[in-house]
Amino acid sequence: MNATTTAVNQASPEKVSKGFMWSHALSMGGGFMLIQATVASYISVFITDTFGVPAGAASLIMLIATFWDAVNDPIMGTLADRTNTKFGRYRPYFLFFPVLMIIVSYFLFLAPQGLSDGQKIAYIAVFYILYGMLVTILQMPVMAVLPAQTLNTNERNKVITLGSICTAVAFTIAATFTPNMISMTGGSYAPWMLVYGVLTLIPFWLLFKTSTEQYLVKQEKRPILKDLKAIFRHKEMYPVLLVWCLASLGYGLMFSTSVYYMLYYMVRPDLIGPYMGVISLGALVSMMVFMPLALKIFKSGHKAFIATQSGAFVCYAILFFLGKNMTLLFVLSFIATAFASMQMALINIILNDTIDFIQLKEGISLNGTLSAIKGFSFKMGSTLNSSGVLAVLAATGYVAGAVGHQTEEALFGMNLMRFGIPALTCLAIILLLIKYPLAKYLPEIAKMKEDIQNS
């Protein structure tokens, strides 16, 4: 372990409670993630093939909805940083918004009958926009409360790793078993949204009870634009923002294109469940085995990020050319997912670096704003993912339900989205992180944490 990492880790020896650790992990990786995993893996197919919205219209809906979702992230983050209640800045958001998530996710997958095409488009647009806004409202304070709870880098990483394991388990369940589960409810997703909603409420309410927000620097009333300027005047932020965006795009494509790929490119609808299971299992192994090992070996989030994205790049590149080989497809998809999935946790480690960096440079705590900016970057990647997949399908002549009868252009587009573009995102992330702009500030950050604890 190098001196920089040692200094950062030893800056604050306190440990978070088990109650906080588990409630934080399950607030992101419990029922809330079951809802998000279902949306990520099946919403496109649900909209086009179940609800009957044309692919082009669905693409436009997702483009508008996800872009708006990205734009409102910084707004919600700055509002959270300005929330001043007897419960704190971020904790109030854990009380009521999970209830709204249950209602909105239920109606998103309800698929009411008897609607015209225009009414279907309007219906999906309204509830998809509301869903995205609620995801932001719930994710942002959870991310912001962690660095306010502990200054210890190891403790933060433990919480993030545990949350990532819970997330991977939830994703495995939703991505793999959703086809089986909806068969028990007459093909409807909606009842499962109610079940997942209850599993969302419990950890959020427990997180409200166990969080304390003890490490926040009080700030005077100031314009929102002043906070944004305080962040964006630092050139070190821009490569990080791009990494967040690219990670979101690459991770999203891994799940959102797999059903299309197996159904139409491989013409094996019978293998959709097993293939999604392999991917989900790879994500589970990534969080439970690969990520703790990578952090132990490489000592920091950005170095682990570079190494694992390199492994994923090699697998994606091979599968882009040789994916028709079924054995190779399953084996390398598992390995690629095991390398790539931990990026969802590693970007949160980098988020904590940016929160500490801005506190070092500006002397203020902007946990919510920075969490929201990370969310904005992430949603921009999601916008490219959700709308881009459907746009490519529409542009290449995709016909919903035409298994074995897609055009060569449509098949090429599916292969490009499944393996070609993810390979390019891996390469871009590697290049951006080779010279991680925040690394040189880690000793100063460690000293700042020590001073805060001793004050």
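Structure: see above.
Just so it is clear, the model here is predicted, and its values are computed rather than measured. (Residues numbered from 1 in each chain as written. Predicted model: local features only at pLDDT ≥ 70, side-chain atom pairs only at ≥ 80, totals over all residues. Heavy atoms only, no water.)

**Things to note about the overall build of the protein**
Along the protein, the regular secondary structure elements total 18 helices and zero strands. Its C-alpha atoms give the protein a radius of gyration of 21 Å, near enough to 23 Å, the size a compact globule of 455 residues would have. Considered along the principal axes of its C-alpha atoms, the protein spans approximately 70 × 45 × 40 Å. Taken over 455 residues, the protein has a buried fraction of 61%. In the protein, 85% of the contacts between residues at least 6 apart in sequence involve partners at least 24 apart. Within the structure as shown, the protein displays about 17,600 Å² of accessible surface, and the carbon and sulfur contribution to it stands at 70%. Each charge class in the protein was averaged separately, 30 positive and 20 negative side chains, and the resulting centres sit 6 Å apart. (Helix = DSSP H or I, 4+ residues; strand = E, 2+ residues; numbered from the N terminus. Rg over C-alpha atoms; globule rule 2.2 N^0.38 Å. Buried < 20%, exposed > 50% of the residue type's maximum accessible area, 1.4 Å probe, protein only. Contact = heavy atoms within 4.5 Å. Areas by Shrake-Rupley, 256 points an atom, 1.4 Å probe, with all protein chains shown as cover. Lys, Arg positive; Asp, Glu negative; His and termini not counted. Charge placed at Lys NZ, Arg CZ, Asp CG, Glu CD.)

**As for empty space enclosed by the protein**
Here the structure, examined in full by the defined rule, presents three cavities of 30 Å³ or more. Considering the residues around the largest cavity, the lining is formed by 47 residues, among which M33, Q36, Q139, M344 and F378 are closest to the centre. The leading source of residues in the lining of the largest cavity is helix α6 (residues 117-149), at nine residues. Taken together, the residues of the lining of the largest cavity sort by class into 25 nonpolar, 19 polar and three charged. Considered as a void within the structure, the second largest cavity measures approximately 50 Å³ in volume. The wall of the second largest cavity is formed by L246, G250, Y251, M254, Q309, Y316, A340, Q343, P422, T425, C426 and I429. Of all the elements in the fold, those that place two or more residues in the lining of the second largest cavity are α10 (237-256), α13 (301-322) and α17 (408-433). A class-by-class count of the residues in the lining of the second largest cavity yields eight nonpolar, four polar and no charged. (1 Å grid on protein atoms, 1.4 Å probe; cavity = no way out; pocket = protein on both sides within 12 Å on 5 of 7 lines; lining within 4 Å. Points joined across faces, edges and corners; volume = space filled by probe spheres on them. Nonpolar A, V, L, I, M, F, W, Y, C, P; charged D, E, K, R; others polar.)

**Description of the nonpolar core**
By size, the foremost hydrophobic cluster in this structure holds 150 residues, and its most contacted members are I43, F46, M291, F305 and Y316. Not counting the four nearest positions on each side in its chain, F305 is found in contact with V243, A247, Q343, L346, I347, I350, I429 and L433. (Core = buried A, V, L, I, M, F, W, Y, C linked by side-chain atoms within 4.5 Å.)

**Digging into helix α8 (residues 190-210)**
In this model α8 runs 31 Å from its N-terminal to its C-terminal C-alpha over 21 residues, within 8% of the 30 Å that 1.5 Å per residue would give. Residues of α8 that are buried: A190, W192, M193, Y196, G197, T200, L201, P203, F204, L207 and F208. Tucked into the core, α8 has its buried residues touching α2 (18-29), α3 (31-50), α5 (93-108), α6 and α7 (153-183). (Expected span 1.5 Å × (residues − 1).)

**Some words on the pattern of salt bridges**
Charged atoms that come close allow side chains of opposite charge to pair. Under the counting rule described, the total for this entry stands at eight salt bridges. Here R82 makes a salt bridge to D227, at a shortest N to O gap of 2.7 Å. On the criterion of sequence distance, the pair formed by R82 in the loop between α4 (55-81) and α5 and D227 in helix α9 (residues 224-232) is long-range, its members being 145 residues apart. A relative accessible area of 28% places R82 in the partly exposed class. The exposure class of D227 is buried, given its relative accessible area of 0%. Put simply, D451 and K447 hold a salt bridge, and the shortest N to O gap is 3.0 Å. (Salt bridge = Lys/Arg side-chain N within 4 Å of Asp/Glu carboxyl O.)

**Details of the packing of α2 against α6**
Packing of α2 against α6 leaves a shortest axis separation of 10 Å and a crossing angle of 155°. In this view, α2 runs roughly antiparallel relative to α6, as classed from their interaxial angle. Relative to α6, the crossing made by α2 is left-handed. Judged by residue contacts, F20, H24, S27 and M28 of α2 engage Q139, V142, V145, L146 and Q149 from α6. (Axes fitted to C-alpha atoms, helices over the stretch in contact; angles between N-to-C directions. Parallel < 35°, antiparallel > 145°, perpendicular 65-115°, else oblique. Left-handed = near helix turned anticlockwise from the far one by under 90°.)

**With respect to the side chain of S59**
Within the element layout of this structure, S59 appears in helix α4. Exposure remark for S59: the relative accessible area of 9% places this residue in the buried category. If we ignore the near neighbours within four places in the chain, the residues touching S59 are S387, L390 and A391.

**Here's the deal with the packing of aromatic side chains**
Evaluated as defined, the whole model comprises 28 aromatic pairs. An angle of 50° between the planes, with centres 6.0 Å apart, marks the rings of F94 and F204 as tilted. Of this pair, F94 sits in helix α5 while F204 sits in helix α8, and the two are 110 residues apart along the sequence. The pair F94 / F204 is uniform in exposure class, with both members buried. Relative to Y264, the ring of Y260 has its centre 6.3 Å away and its plane inclined at 25°; by these criteria the two rings are stacked. Here Y264 and Y260 lie together in helix α11 (residues 258-265), a separation of four residues that amounts to about one turn. Side by side, Y260 and Y264 carry an identical accessibility label, which is buried. Among the aromatic residues, those joined into a ring-pair cluster are Y42, F46, F51, Y106, F107, F109, Y123, F127 and Y189. Lying across the ring of F208, R91 places its NZ or CZ 4.3 Å from the centre. Over the ring of Y265 we find K324; its NZ or CZ atom is 4.4 Å from the centre of that ring. (Phe/Tyr/Trp six-rings, centres within 6.5 Å; stacked < 30°, edge-to-face > 60°. Lys NZ or Arg CZ within 6 Å of the ring centre and 35° of its normal.)

**Section: the environment of S280**
Within the secondary structure, S280 is located in helix α12 (residues 272-298). Given a relative accessible area of 1%, S280 falls into the buried group. Distance from S280 to T383, taken between C-alpha atoms, is 22 Å for residues 103 residues apart in sequence. When sequence neighbours within four positions are dropped, the list of residues in contact with S280 reads F171, T172, A175, T176 and F255.

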